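Chain by chain, the residues:
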Amino acid sequence: MPFEKIGEESLDEKIAVRLTAEEKQRLAQDAEMAGLSMSALVRARYFGRKIVANTDLVMINHLNRLTGMLKTVHNESHGAYSADTSAAVLLIIETIKKISRSA
């Protein structure tokens, strides 16, 4: 089985790391949440690359949908709730920024 490649470089070197069963389970869960293999997660964390969990991406998508719904409410009500919808949209935007930064 050929090794994976990152860009032009083959991932042809291997190291062994001893973990407790609990640590391995946590690593597997974190990797699954990020949509990565355990190896890719370890490389990303060690080399300081940004990791965005799939759950974060799902949450951001849901928040974006809520923003669209609030805009619909604003438009259909002819701005009757503009202060409330505006405040909610700003809060959602700030939340998306926080989620993006924490990843």
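Here the structure is shown first, and the text comes after it.
Bear in mind the structure is a predicted one, so any value in this text is a computation, not a measurement.

**Student:** For this particular structure, what's the right way to read the overall build of the protein?
**Tutor:** Looking only at helices and strands, the protein has four helices and two strands in total. Reading the protein from its N end, one meets helices and strands in the order β-β-α-α-α-α. Relative to a compact globule of 103 residues, whose C-alpha radius of gyration would be 13 Å, the protein shows 20 Å and is clearly more extended. Oriented by its inertia axes, the alpha-carbon framework of the protein measures out at about 60 × 35 × 20 Å. In the protein, buried positions account for 17% of the 103 residues. Across the protein, contacts joining residues at least 24 apart in sequence account for 33% of those joining residues at least 6 apart.

**Student:** Would you mind showing me how to read the nonpolar core here?
**Tutor:** Burial of nonpolar side chains together is a common tendency in soluble globular proteins. In this structure, Leu27, Ala31, Ala34, Leu41, Ala44 and Ile51 together form the largest nonpolar core, which totals six residues. Elements with a contribution of two residues or more to this core: helix 1 (21-34) and helix 2 (38-46). Per-element tally for this core: the top contributor is helix 1, with three residues. In contact with Leu27, other than residues within four places in its own chain, are Leu19, Met38, Leu41 and Val42. Judged by nonpolar contacts, the second largest core, of five residues, contains Leu63, Ile92, Ile96 and Ile99.

**Student:** Is there a simple way to explain helix 3 (residues 54-76) in this structure?
**Tutor:** Note that an α-helix has 3.6 residues per turn; residues three or four places apart therefore point the same way. For helix 3, spanning 23 residues, the distance from its first C-alpha to its last is 33 Å, which sits close to the expected 33 Å at 1.5 Å a residue. What helix 3 keeps buried is the set Ile60, Leu63 and Thr67.

**Student:** Can you help me understand a negative patch on the surface in this one?
**Tutor:** Together, Glu8, Glu9, Asp12 and Glu13 make up a region of like negative charge exposed at the surface. What makes Glu9 exposed here is its relative accessible area of 62%.

**Student:** Would you mind going over the pattern of salt bridges with me for this structure?
**Tutor:** Side-chain pairing between opposite charges can occur once the charged atoms of the two side chains come close. Following the criterion strictly, the structure yields one salt bridge and no others. Here Asp30 ties to Arg45 by a salt bridge, and the two come within 3.3 Å at their closest N and O atoms. With Asp30 in helix 1 and Arg45 in helix 2, this pair connects stretches of sequence that are 15 residues apart.

**Student:** Please explain the side chain of Asp30 as it appears in this structure.
**Tutor:** The class of Asp30 is buried, set by a relative accessible area of 18%. A polar side-chain atom of Asp30 sits 3.3 Å from a polar atom in the side chain of Arg45. Excluding residues within four positions of it along the chain, Asp30 makes contact with Leu41 and Arg45.

**Student:** What am I meant to see in helix 2 here?
**Tutor:** For helix 2, the complete set of buried residues consists of Ala40, Leu41 and Ala44. Down the axis of helix 2, the buried set is contained in an arc of 100°. They therefore lie on one face. Where helix 2 is buried, its residues touch helix 1. Downstream of helix 2 by one or two residues, Gly48 has phi in the positive range, about 70°.

Rules behind the numbers
- Residues numbered from 1 in each chain as written.
- Predicted model: local features only at pLDDT ≥ 70, side-chain atom pairs only at ≥ 80, totals over all residues.
- Heavy atoms only, no water.
- Helix = DSSP H or I, 4+ residues; strand = E, 2+ residues; numbered from the N terminus.
- Rg over C-alpha atoms; globule rule 2.2 N^0.38 Å.
- Buried < 20%, exposed > 50% of the residue type's maximum accessible area, 1.4 Å probe, protein only.
- Contact = heavy atoms within 4.5 Å.
- Core = buried A, V, L, I, M, F, W, Y, C linked by side-chain atoms within 4.5 Å.
- Expected span 1.5 Å × (residues − 1).
- Patch = residues over 30% accessible without salt bridge, like charges linked within 9 Å, V, L, I, M, F, W, Y side chains within 5 Å.
- Areas by Shrake-Rupley, 256 points an atom, 1.4 Å probe, with all protein chains shown as cover.
- Salt bridge = Lys/Arg side-chain N within 4 Å of Asp/Glu carboxyl O.
- Lys, Arg positive; Asp, Glu negative; His and termini not counted.
- Charge placed at Lys NZ, Arg CZ, Asp CG, Glu CD.
- Polar contact = N/O pair within 3.5 Å; in protein donor to acceptor, adjacent residues only side chain to side chain.
- Arc of directions from axis to C-beta.

Nothing here speaks to function; it is all geometry.
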